[in-house]
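Now for the letters of each chain:
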Amino acid sequence: MTAAATQGVATKGYATNGPEAKFEPFNFVRREVGPYDVLVDIDYCGICHSDIHQAKNEWPDVMPAMYPMVPGHEIVGHIAQVGSEVSKFKVGDVAGIGCFVDSCRECQPCKAGVEQFCQKGSAMTYNGTEMDRSTPTYGGYSNKYVIDEAYALKINGGQSLAGVAPLLCAGITTYSPLRRFKVGPGQKVGVVGLGGLGHMGVKLAAAMGADVTVLSTSPSKEQDAKALGATNFIVTRDPNNLAPHAWTFDFILDTVSADHDLTQYLNLLKVNGSMVIVGVPEKPAQIPAFSLIWGNHSLAGSAIGGIPETQEMLDFCAEHNITADVEVITADRIEEAYDRTIKSDVRYRFVIDMKAA
Ligand code: NAP
Ligand code: ZN
């Protein structure tokens, strides 16, 4: 596959052409490096379950799939070129790119630093368009990205870059609600689902001082959960395992990617406890009013994080030496990684080595 264009940055990527199609090499051209742009040579790109949902067109009403699609929004690389007005980066710096690459910069959410909620619609890193609303965006399953410096993140710690890549989505998506709900010492926190997001939620909540319990369908993940920082592990397939924990949690983070029952987790919250959903199953959830009313429970959602908070999270992770636990693969193994992620058989994030592309 080749997208026709004459000027700009020749880029090698991996694209899918339909919900059942295999990934194939896809050569395309990114825009020329403008005055405020940086060119990032991509080292690593994580595989987020949102890539799978979108590649397979599982969110047709909200984010319909645009093919050819080059997914990938957990991107880390080195700055290869800077525009004439760039001040934040120099050639050779390490940079990150997350879920969006531009926004209107004028609306209230953009001014408040929550650009993901741009009222004109932010430019998603892939499966979207640039702010001109016509140029398609292609993601990090590719070897280069051209991005305005204001939407690229600085990576300062000396951590392994493969482990840093997933922070750009899984890291910020779990960090943001933990901060917003002021998770900290003395609190009992539950993380539902131990996948890419879940394992970051465990590491971050533990680093913030909370007492973390993992609620998982996979008994085989117990040892890992404890090594990641959890003190307790509950296998959720048997409801009898949950009953003794009713009324004990201050906060629960639900990262599950598939349709599931929320009630059993709401029933674990203390009086005034909160549960935040970050997972995006295909079908809407059923919430009996009593599971909220009885105990003054709150149920909320959270979407990634804005640029300032994403930078704060990266700096927090550098300070606490936190990275994702990753399995690094080459780009010819994307389908295998998708299949294993869907089966919850990932410990705990696949990351594609794009240097080999
Ligand atoms: P993932 O690595 O596949 O992890 C999901 C975990 O959910 C699995 O490891 C599994 O954990 C659990 N799970 C899977 N199927 C289940 C089922 N049928 N019943 C109960 N538990 C099940 O996915 P991820 O990359 O962490 O993403 C998780 C979800 O968050 C996805 O829907 C993704 O699209 C969404 N997401 C949202 C945002 C946001 O901004 N809100 C950002 C990124 C991703 P156990 O084996 O421990 O049960
Ligand atoms: Zn993601």
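In what follows, the accompanying structure is described.

Conventions adopted
- Residues numbered from 1 in each chain as written.
- Chains lettered and ligands numbered in written order.
- Predicted model: local features only at pLDDT ≥ 70, side-chain atom pairs only at ≥ 80, totals over all residues.
- Heavy atoms only, no water.
- Near = heavy atom within 4 Å.
- Polar contact = N/O pair within 3.5 Å; in protein donor to acceptor, adjacent residues only side chain to side chain.
- Areas by Shrake-Rupley, 256 points an atom, 1.4 Å probe, with all protein chains shown as cover.
- Helix = DSSP H or I, 4+ residues; strand = E, 2+ residues; numbered from the N terminus.
- Nonpolar A, V, L, I, M, F, W, Y, C, P; charged D, E, K, R; others polar.
- Pairing = 2+ DSSP bridges.
- Salt bridge = Lys/Arg side-chain N within 4 Å of Asp/Glu carboxyl O.
- Buried < 20%, exposed > 50% of the residue type's maximum accessible area, 1.4 Å probe, protein only.
- 1 Å grid on protein atoms, 1.4 Å probe; cavity = no way out; pocket = protein on both sides within 12 Å on 5 of 7 lines; lining within 4 Å.
- Points joined across faces, edges and corners; volume = space filled by probe spheres on them.
- Donors = N, O, S within 2.8 Å, 3.2 Å for Na, K, Ca; no water.
- Phe/Tyr/Trp six-rings, centres within 6.5 Å; stacked < 30°, edge-to-face > 60°.
- Lys NZ or Arg CZ within 6 Å of the ring centre and 35° of its normal.
- Expected span 1.5 Å × (residues − 1).
- Axes fitted to C-alpha atoms, helices over the stretch in contact; angles between N-to-C directions.
- Parallel < 35°, antiparallel > 145°, perpendicular 65-115°, else oblique.
- Left-handed = near helix turned anticlockwise from the far one by under 90°.
- Contact = heavy atoms within 4.5 Å.

Brief notes about the site of ligand 1
No. 1: Around ligand 1, the structure places 29 residues, and the nearest of them are His 49, Ser 216, Thr 217, Ser 218 and Arg 349.
No. 2: In this structure, Ser 50 approaches ligand 1 through a side-chain N or O atom, which is 2.8 Å from an oxygen atom.
No. 3: Within the contact set of ligand 1, a nitrogen atom lies 2.9 Å away from a backbone nitrogen or oxygen of Val 278.
No. 4: Contact with the protein chains removes 90% of the 920 Å² of surface that ligand 1 exposes when unbound.
No. 5: Among the elements that take part in the shell around ligand 1, helix α1 (residues 49–55) stands out by supplying 3 residues, more than any other.
No. 6: When its residues are assigned to classes, the shell around ligand 1 shows 11 nonpolar, 16 polar and 2 charged.

Concerning the pairing of strand β18 (residues 326–329)
No. 1: Here β18 pairs with strand β19 (residues 349–353) via 4 bridges, running parallel. Of the residues in β19, the one forming a bridge with Ile 329 is Ile 352.

Quick look at the pattern of salt bridges
No. 1: In total, this model carries 18 salt bridges according to the counting rule given.
No. 2: With a shortest N-O distance of 4.0 Å, Glu 327 and Arg 333 are connected by a salt bridge.
No. 3: Owing to a relative accessible area of 23%, Glu 327 belongs among the partly exposed residues under this scheme.
No. 4: Among the charged side chains, a network of salt bridges with common partners joins Glu 327, Arg 333, Glu 336, Arg 340 and Asp 345.

Quick notes on empty space enclosed by the protein
No. 1: Summed over all chains, the structure comprises 2 cavities of 30 Å³ or more.
No. 2: Approximately 70 Å³ is the volume found for the largest cavity.
No. 3: Lining the largest cavity are Gly 98, Cys 99, Phe 100, Tyr 151, Leu 153, Leu 168, Ile 172, Ile 304, Gly 305, Ile 307 and Thr 310.
No. 4: Broken down by class, the residue content of the lining of the largest cavity amounts to 8 nonpolar, 3 polar and no charged.
No. 5: Roughly 40 Å³ of internal volume is contained in the second largest cavity.
No. 6: Ranked by the residues each element gives to the lining of the second largest cavity, the list is headed by helix α9 (residues 307–319), at 3 residues.
No. 7: By residue class, the composition of the lining of the second largest cavity is 5 nonpolar, 3 polar and 2 charged.

Some thoughts on the coordination of the zinc ion (ligand 2)
No. 1: Coordination of the zinc ion (ligand 2) by the protein is provided by Cys 48 (SG), His 73 (NE2) and Cys 169 (SG), with metal-donor distances spanning 2.0 to 2.2 Å.
No. 2: Motif for the zinc ion (ligand 2), donor spacing along one chain: C-x24-H-x95-C. On the criterion of sequence distance, the pair formed by Cys 48 in the loop between β3 (37–46) and α1 and His 73 in the loop between α1 and β4 (75–82) is long-range, its members being 25 residues apart. With respect to class, Cys 48 is no different from His 73; both count as buried.

Some words on the packing of aromatic side chains
No. 1: Under the defined criterion, the tally for this structure stands at 8 aromatic pairs.
No. 2: Summarising the aromatic geometry, the rings of Phe 26 and Tyr 138 are spaced 5.2 Å apart at their centres and angled 70° between planes, so their arrangement reads as edge-to-face. Here Tyr 138 lies in the loop between β9 (136–137) and β10 (144–148) and Phe 26 lies in strand β2 (residues 24–30), a separation of 112 residues in the sequence. The burial state of Phe 26 is the same as that of Tyr 138; both residues are buried.
No. 3: Each member of the aromatic cluster is reached from another via a ring pair, and the members are Phe 23, Tyr 141 and Tyr 338.
No. 4: Arg 30 extends its terminal NZ or CZ atom over the ring of Tyr 145, reaching a point 3.9 Å from the ring centre.
No. 5: Positioned above the aromatic ring of Phe 89 is the side chain of Lys 154, whose terminal nitrogen or guanidinium carbon lies 5.0 Å from the ring centre.

Overview of helix α5 (residues 196–207)
No. 1: The end-to-end C-alpha distance of α5, which contains 12 residues, comes to 17 Å, matching closely the 16 Å that a straight helix rising 1.5 Å per residue would cover.
No. 2: Counting buried positions along α5 gives 10 out of 12 residues, so the element sits mostly inside the fold.
No. 3: Buried within α5 are the following residues: Gly 196, Leu 197, Gly 198, His 199, Met 200, Gly 201, Val 202, Lys 203, Leu 204 and Ala 205.
No. 4: Remark: Gly 209 follows α5 within two positions and exhibits a positive phi of approximately 100°.

Overview of the packing of helix α4 (residues 170–180) against α5
No. 1: With their axes 8 Å apart at the nearest point, α4 and α5 run at an angle of 50° to one another. On the basis of the axis angle, α4 is oblique to α5. The way α4 lies across α5 gives a crossing that is right-handed. Along its contact with α4, which presents Ala 170, Gly 171, Thr 173, Thr 174, Tyr 175 and Leu 178, the element α5 presents Gly 196, Leu 197, Met 200, Gly 201, Leu 204 and Ala 205.
No. 2: The class makeup of the residues in the contact of α4 with α5 is 7 nonpolar, 5 polar and no charged.

A look at the environment of Pro 60
No. 1: With respect to the helices and strands, Pro 60 occurs in the loop between α1 and β4.
No. 2: Looking at Pro 60, the relative accessible area reads 43%, which means it is partly exposed.
No. 3: Between the C-alpha atoms of Pro 60 and Glu 282, which are 222 residues apart in sequence, the distance is 9.5 Å.

A closer look at α4
No. 1: Burial within α4 is extensive, with 9 of its 11 residues counted as buried.
No. 2: Considered for burial, the residues of α4 that qualify are Ala 170, Gly 171, Ile 172, Thr 173, Thr 174, Tyr 175, Ser 176, Pro 177 and Leu 178.
No. 3: Looking at the buried positions of α4, the neighbouring elements they touch are α5, β15 (249–254), β16 (269–277), α9 and β19.
No. 4: Lys 182 lies just past α4 and shows a positive phi near 55°.

Any link to function would need more than the numbers given here.
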